[in-house]
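Observations on the three-dimensional arrangement
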Amino acid sequence: MDSIFKRRIWILGQYAACRILREHLKAYGIEVELAKELVRLEQEDEYATAGIVKRQDGKKVEEIITAKYVVSADGAKGVVRKLLGLTFLGEMRDVLRLIIGDVEVHGIDKEHWHKFDDAPNDSILLRPTDRIEKENIYALVTFGPNLDHERALKDHHYLRQFAYSVVKVPELKIGKFEGVADYRFVTFIRKNHPSN
């Protein structure tokens, strides 16, 4: 049992996790290209063809890529499912809807997770990340009846003030926000299942 508690657990935001994965792939000669958009996908018996749009000299340029297979890792809202005409058997439920992200934080200790209040009230969780020593970046999770999710996604000043109203720690200073996102739990519907 002691060995479980001696392990060091790392919980990373998507930004940091993607950076690590890109660096790892680079060691194998694979370059991850950013700022490109998948606009077309066609499946043949032996290969797949993808249409990729990128910006070059201020213009959109389409590039065609042919590959043995395509791996989609763009989530339920991603374009691959839509391009292939696949359905998403599930229903979006707002039973628990969160705003998550990475944020620069000063004024609280760097050793512990910090949770302020809980459901059914407004709640904030601030957790130190692996970037804490250099950049003071904490993971943020927040929810509650008084949180305007749409506004929080667009207006970081509003989100900062909401956090201050919940936390009520004068020493807390919230700086820049990174990767703020709306997170919801999805309930999947299985057709022809005995429990339905």
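This one's a predicted model, so the numbers in the text were calculated from it and none came from an experiment. (Residues numbered from 1 in each chain as written. Predicted model: local features only at pLDDT ≥ 70, side-chain atom pairs only at ≥ 80, totals over all residues. Heavy atoms only, no water.)

Some details on the sheet that holds strand 3 (residues 59-67)
Spatially, 1-2-3 is the arrangement adopted by the 3 strands of the open sheet, whose pairing is antiparallel. A strand with exactly one partner marks an edge of an open sheet, and here the two such strands are strand 1 (36-43) and strand 3. Averaged over neighbouring strand pairs, the angle between their axes works out to 20 degrees when direction is ignored. (Pairing = 2+ DSSP bridges. Helix = DSSP H or I, 4+ residues; strand = E, 2+ residues; numbered from the N terminus. Axes fitted to C-alpha atoms, helices over the stretch in contact; angles between N-to-C directions.)

Quick word on the environment of Thr66
Counting through the fold element by element, Thr66 comes out in strand 3. By relative accessible area, which is 54% here, Thr66 ends up exposed. Expressed as a C-alpha distance, the spacing of Thr66 and Leu41, which sit 25 residues apart in the sequence, is 9.8 Å. Those residues in contact with Thr66 that lie beyond four places of it in its chain are Tyr47, Ala48 and Thr49. (Buried < 20%, exposed > 50% of the residue type's maximum accessible area, 1.4 Å probe, protein only. Contact = heavy atoms within 4.5 Å.)

Structural notes on the layout of surface pockets
Reported here for the largest pocket is a volume of approximately 1200 Å³. What lines the largest pocket is a set of 29 residues, among which Val32, Glu33, Lys36, Ile52 and Val71 lie closest to the centre. Among the elements that make up the lining of the largest pocket, the one with the highest residue count is helix 2 (residues 14-27) (6 residues). Within the lining of the largest pocket, the residues separate by chemical class into 20 nonpolar, 2 polar and 7 charged. (1 Å grid on protein atoms, 1.4 Å probe; cavity = no way out; pocket = protein on both sides within 12 Å on 5 of 7 lines; lining within 4 Å. Points joined across faces, edges and corners; volume = space filled by probe spheres on them. Nonpolar A, V, L, I, M, F, W, Y, C, P; charged D, E, K, R; others polar.)

Digging into the nonpolar core
Judged by nonpolar contacts, the single largest core of 22 residues is most densely connected at Ile124, Leu126 and Leu159. Those elements that provide at least two residues to this core are strand 4 (90-106), strand 6 (123-128), strand 7 (137-143), helix 6 (156-167) and strand 8 (173-188). Counting residues per element, this core draws most heavily on helix 6, which supplies 6 residues. Aside from chain neighbours lying at most four places away, what touches Ile124 is His114, Lys115, Phe116, Leu140, Val141, Thr142, Phe162, Ala163, Val166 and Val167. Counting residues in hydrophobic clusters, the runner-up holds 5 residues, among them Leu38, Leu41, Ala50 and Val80. (Core = buried A, V, L, I, M, F, W, Y, C linked by side-chain atoms within 4.5 Å.)

Focus: the packing of aromatic side chains
A full pass over the atoms with the stated rule returns 1 aromatic pair. Directly above the ring of Trp113 sits Arg127, whose terminal nitrogen or CZ lies 5.7 Å from the centroid. (Phe/Tyr/Trp six-rings, centres within 6.5 Å; stacked < 30°, edge-to-face > 60°. Lys NZ or Arg CZ within 6 Å of the ring centre and 35° of its normal.)

Regarding helix 2
The terminal C-alpha atoms of helix 2 lie 20 Å apart, and with 14 residues this matches the ideal 20 Å at 1.5 Å per residue to within 8%. Following helix 2 by one or two positions, Gly29 adopts a phi angle in the positive range, close to 80 degrees. (Expected span 1.5 Å × (residues − 1).)

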